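Working through the structure, step by step
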Amino acid sequence: MSGGPGTSTMLAELLEYARRHVPHYQSLVSPGPVTGENAVAVLRRLPLLRRTAVRSERPRLWSAEGDVRRWRRVHTTGTTGAPLEVVVDDAAQQAELAALVRHVRRHLGGAAGLAITHLTLHLASTSRASIAPDPSDAALVKWNLSRAWQLPDDEFRSALEELRGKVITVMPSVMAALCDRLGPSSGVEPRLVVLSGEQFTAELREGIQETFNCPVTALYTLAEAGIVAHECGESGTYHVEEMGAFLEVVGDGGDPLPPGVAGDVAVTPLVNRAMPLLRYVNGDKGVWVEGPCGCRRSGPRLQLVAARTQHTLVAGPSGRGVRRIDLAKLSRQLDLSVSRIARAGDEVVVEHHDPHPATDLQRTTIAAALRSLLGSNLTVRMLRTVSTPSAAGPPADPDPARPAFLPPGDIVAWAHGVLRGRPGVLAAVLTGSTLDPAAVSRFSDIDITVVINDDPCQEHWCALAAAMNRHLATLRVNVTEAAGLARAPLVACRLLAERHPVVGTLEEAGVTWPTTQVLANEARFWTQNAESVLWTRMTAADRQRADPVRDAWLASRFCLDALRYRLLCEGVRVTAARHVLQRAPEFGVPDTTGIWRAFAVGREHRPPPAPGSPEADEFLRAALACVRWLGRSL
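What comes next is a walk through the structure. Model, not experiment: these values are computed from the prediction. (Residues numbered from 1 in each chain as written. Predicted model: local features only at pLDDT ≥ 70, side-chain atom pairs only at ≥ 80, totals over all residues. Heavy atoms only, no water.)

**Observations concerning the sheet that holds strand 19 (residues 347–352)**
- With mixed pairing, the three strands of this open sheet are ordered in space as 18-19-20. Each of the sheet's edge strands pairs with one partner strand only, and the pair in question is strand 18 (338–344) and strand 20 (379–384). Taken pair by pair, the neighbouring strands of this sheet meet at an average axis angle of 20°, ignoring direction.
- As judged from the six bridges shared by strand 19 and strand 20, these two strands associate in the parallel manner. Pairing of glutamate 351 across the sheet is with leucine 383, part of strand 20.
- Packed on one face of the sheet, helix 9 (residues 360–374) meets strand 18, strand 19 and strand 20 and runs near 135° to strand 20. (Pairing = 2+ DSSP bridges. Helix = DSSP H or I, 4+ residues; strand = E, 2+ residues; numbered from the N terminus. Axes fitted to C-alpha atoms, helices over the stretch in contact; angles between N-to-C directions. Contact = heavy atoms within 4.5 Å.)

Okay, structure coming up:
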């Protein structure tokens, strides 16, 4: 039902390719030439490809041809207990970006100079920027909001002003959480909001318009297939992305259904050669809608069917329900292992079996998403269990290398139980950015320093640190003696100024404040190394491939230590990042605006610039100027 002449030709080429190069299809695609005239008939003789088959046949679905170095692995939602892994080639990735830009231009009337920002609330997501290859004047940015979310409300609102005048692409669950936090008339006025990845209600669309004061449209996307259809205006019906996918609405046996009859949506992505999926069925239901369309485009439109009773886990007062796929997507996005969801009156209980209680970010996001699906008057309560997952809900597939935003008190309580009463331990403290959630970056460690009365190179101390490091992702246990800290003046100052006690006290362990002369001597040596590192990085030949977020974080670390040295040499015993930055203008630091920008981007409180751009290079320039300023002032 979705194909035009161009689609038929692309479908024929895909079928021929699959028969020649994909083991799974070599015996399934009919022999003989495939042309634009018979491609649809050849396709419909193939069996439907369901998720279970993709999982079991995955290696045989990979192409034997192509440059695997340019393939990207995509993990889908685990609607039946485990996510799928598919691979997409470079052409498919570029086609998806082009389809997004085309949809935005259709909605905005072909406006030039588009700035498109994709928002996520997923800890494992990486903020990055790029330039769309076609057309080249569309700037694309992915911004992970999970760290900016830790900011106080006024600072969070200020951060979101970066979205003014931009196009936002976002999952409905993330947008529901933003609307909940910001409330009506937020003052953040993007040009357009594009929803994708999940189904949503008319109430959420109205809430977005009320909060952001901008139009809202949608794309029908699958992680394993990219953009397959785009909403016509705000009609709730979708036109197929003809040069990107061939769509069918089929019955259980794979026969195409006529307009007005609901069935499974079968998707055949037309561009991806790395892992062709022919007649792929992921469980979505749809129906072809005939009749005139406001955009005057001919042919039927696809309408997604939201209610699927056999997959509904819990229903709200209005009858709307949360499906297995909805909960699976939320679980994966929030790194939660949700095992059960149930409703009792006006309360919805979500059970999960993770090692730690749900964080504020996880609780607020899942609550907002569930209220947007079930009803705004419901209360959502999170309950951590120790049971194994049940069939009532899909477990997530959290990334064990990514810590949740654990409160310092929880970390201290655990470490106290490990270190209390251990022979040789004089004191232990938690320090660093963990003490201020708004200062945590994706490069941050959870630092615990243990002061001992022994040689830290002894095997039992190494074993202790390794055992503790294995317990908590990104934990860094530093075992040292008081004399060792005396040889590291800045480290000693930071421990004394920024600390959450675990056991004992640093003063009783013999840790003392260094003199300003000792600090100045260390600072002179430090500036020489810092200048060398920054200059080498700033003049590297591969700047176009550098990560601006990492560069911003590195620049901010050098700036922060330079400011710390200056304050400490003046006798001001302050080292915490927030307080040091507040004191910076007093000393005439050059380019304070660039320094603030580096901190904001390095912590992902602001979206990053494109790699190799002047904006990205400016982070390192500001840091180099700050380090040289310190050297001149000593």
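What follows continues from the structure just given.
**A look at the side chain of aspartate 617**
- Along the polypeptide, aspartate 617 turns up in helix 18 (residues 614–633).
- Assessed through its relative accessible area of 17%, aspartate 617 is described here as buried.
- If we skip the residues at most four places from it in the chain, aspartate 617 touches Arg543 and Gly612. (Buried < 20%, exposed > 50% of the residue type's maximum accessible area, 1.4 Å probe, protein only.)

**Structural notes on the side chain of aspartate 561**
- Following the sequence through the fold, aspartate 561 ends up in helix 15 (residues 548–569).
- The exposure class of aspartate 561 is buried, given its relative accessible area of 18%.
- If near-sequence neighbours (up to four positions away) are discounted, aspartate 561 is found in contact with Leu490 and Trp526.

**Let's talk about helix 17 (residues 592–602)**
- Within the span of helix 17, buried status applies to Gly594, Ile595, Ala598, Phe599, Ala600, Val601 and Gly602.
- Considering only its buried residues, helix 17 is in contact with helix 15, helix 16 (577–583) and helix 18.
- Two residues or fewer after helix 17 comes glutamate 604, characterised by a positive phi angle close to 65°.

**Overview of the packing of helix 15 against helix 18**
- The contact between helix 15 and helix 18 brings their axes to 9 Å, and the two run at 15°. By the criterion of interaxial angle, the relationship of helix 15 to helix 18 is roughly parallel. The way helix 15 lies across helix 18 gives a crossing that is left-handed. In contact with Pro548, Asp551, Ala552, Ala555, Phe558, Cys559, Ala562, Leu563, Tyr565 and Arg566 of helix 15, helix 18 contributes Ala616, Phe619, Leu620, Ala622, Ala623, Cys626, Val627, Trp629, Leu630 and Ser633.
- Grouping the amino acids of the contact of helix 15 with helix 18 by side-chain chemistry returns 17 nonpolar, one polar and two charged. (Parallel < 35°, antiparallel > 145°, perpendicular 65-115°, else oblique. Left-handed = near helix turned anticlockwise from the far one by under 90°. Nonpolar A, V, L, I, M, F, W, Y, C, P; charged D, E, K, R; others polar.)

**Looking at the environment of phenylalanine 443**
- Secondary-structure assignment places phenylalanine 443 in the loop between strand 21 (425–431) and strand 22 (446–452).
- We classify phenylalanine 443 as buried; its relative accessible area is 13%.
- For phenylalanine 443 and arginine 603, which are 160 residues apart along the polypeptide, the C-alpha to C-alpha distance reads 8.7 Å.
- Ignoring anything within four residues of it in the chain, the contact list for phenylalanine 443 reads Asp547, Val549, Arg550, Trp553 and Gly602.

**Considering helix 15**
- Taking 1.5 Å of rise per residue, 22 residues should cover 32 Å, and helix 15 covers 31 Å from first to last C-alpha, within 8% of that figure.
- With a side-chain oxygen lying 3.0 Å from the backbone nitrogen of valine 549, the N-terminal cap of helix 15 falls on aspartate 547. (Expected span 1.5 Å × (residues − 1). Polar contact = N/O pair within 3.5 Å; in protein donor to acceptor, adjacent residues only side chain to side chain.)

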